[in-house]
Amino acid sequence: MKNGASVTVLGARGSVPVSGPDFMGYGGATVCVLARLAGQAVVLDAGTGLLELPRLLEDEERRIPLLLSHPHADHLLGLPLCPLLLQPGFRVDIYAARRHGLDAEGQVRALLSPPLWPVGPHQLPFPPAFHDLPPRLELGPVTVESMEGVHPGGVSLLRLTGGGRRVVFVTDCTITDSLLPALKEFARDCDLLLVDGQYSDDEWPTRAGFGHNTWTAAARLGRDCGAKRVLVIHHDPAHTDCQLDAAAEELRRIHPDCAFARAGEEVLL
Ligand SMILES: [Zn+2]
Ligand SMILES: [Zn+2]
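Residues numbered from 1 in each chain as written. Chains lettered and ligands numbered in written order. Predicted model: local features only at pLDDT ≥ 70, side-chain atom pairs only at ≥ 80, totals over all residues. Heavy atoms only, no water.

Here we come to the coordination of the zinc ion (ligand 1). Surrounding the zinc ion (ligand 1) are the protein donor atoms Asp74 (OD), His75 (NE2), Asp172 (OD) and His234 (NE2), which sit 2.1 to 2.3 Å from the metal. In this structure, the zinc ion (ligand 1) is coordinated by 4 donor atoms arranged in irregular fashion, with angles at the metal of 93 to 164°. Linear spacing of the donor residues for the zinc ion (ligand 1) on their chain is D-H-x96-D-x61-H. The distance between the zinc ion (ligand 1) and the zinc ion (ligand 2) comes to 3.6 Å, with Asp172 serving as a donor to both metals. (Donors = N, O, S within 2.8 Å, 3.2 Å for Na, K, Ca; no water. Tetrahedral: all angles 85-135°; square planar, octahedral: opposite > 155°, others 65-115°.)

Below, the structure written as structure tokens:
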């Protein structure tokens, strides 16, 4: 698939990683996605799924852009032991919008420094390079555009376009009435929409302020923006494989090609 278009879900869990027999189907690793468009690999978020990345890279994929939606811990937890920063031969470029007065390096340093971690990012054997995420960024043949979402502390929603394909990444964002029109345009007619749908409709009343969505709202966004395919991400740590399997039909009733993302799943676009 070197010159093709694909998306591989490395981690689909939200909030904290989970493990155990109840989570084998959808996976316990937190959010991390590998997108390949026009032969260019781009990594979205650095949850614990990032640890799976090296075995998926082609020999010539040595310079890896990593785009961070926001600096909550579940989206950074893969960085301290990211194999690409511990072994020679790679260059990782981390892009993030400024948040809480911190640039990309400051956000990563908040997790990668004592007392939370013994060393800072520049003490890693092969440190990443840090960059501000501009509204529009060219990564070889891939154009990255971002818009601001609705989440405590803010979040960058990301749109990747290249080789005639478009992938939109909407994690950790509540689809509010005021955001919806702009979000539908942002995701309009994309080939794949990855969208936060952490909660069931029943759970929503006690979780509405947490910065996420119901999975039915996620599926409706996919339907209403004309996404060809929809993967719901950021699964709640309490939701077992059985619960997500049981809810899958709710998604398909809204959009025929909408499903809960599974870690390890590759989608060809
Ligand atoms: Zn999250
Ligand atoms: Zn978050």
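Our focus in this paragraph is the packing of aromatic side chains. The description of an aromatic ring pair rests on the distance of the ring centres and on the angle between the ring planes. Using the criterion set out here, one finds 4 aromatic pairs in the structure. With 6.4 Å between their ring centres and 70° between their planes, Tyr199 and Phe210 make a pair best called edge-to-face. Of this pair, Tyr199 sits in the loop between β11 (192-196) and α4 (215-225) while Phe210 sits in the loop between β11 and α4, placing them 11 residues apart in sequence. With 5.2 Å between their ring centres and 85° between their planes, Trp215 and Phe260 make a pair best called edge-to-face. Placement of the pair is Trp215 in helix α4 and Phe260 in strand β13 (residues 258-260), with a sequence separation of 45 residues. (Phe/Tyr/Trp six-rings, centres within 6.5 Å; stacked < 30°, edge-to-face > 60°. Helix = DSSP H or I, 4+ residues; strand = E, 2+ residues; numbered from the N terminus.)

Turning to the coordination of the zinc ion (ligand 2), a few remarks are in order. Taken together, the protein donors to the zinc ion (ligand 2) comprise His70 (NE2), His72 (ND1), His151 (NE2) and Asp172 (OD), at separations of 2.1 to 2.4 Å. Of note is the zinc ion (ligand 2), whose 4 donor atoms meet at the metal with angles of 91 to 170° in an arrangement that counts as irregular. Each donor residue of the zinc ion (ligand 2) belongs to the same chain, with the gaps between them written as H-x1-H-x78-H-x20-D. Note on His70: relative accessible area 1%, which makes it buried. The class of His72 is partly exposed, set by a relative accessible area of 30%. (Buried < 20%, exposed > 50% of the residue type's maximum accessible area, 1.4 Å probe, protein only.)

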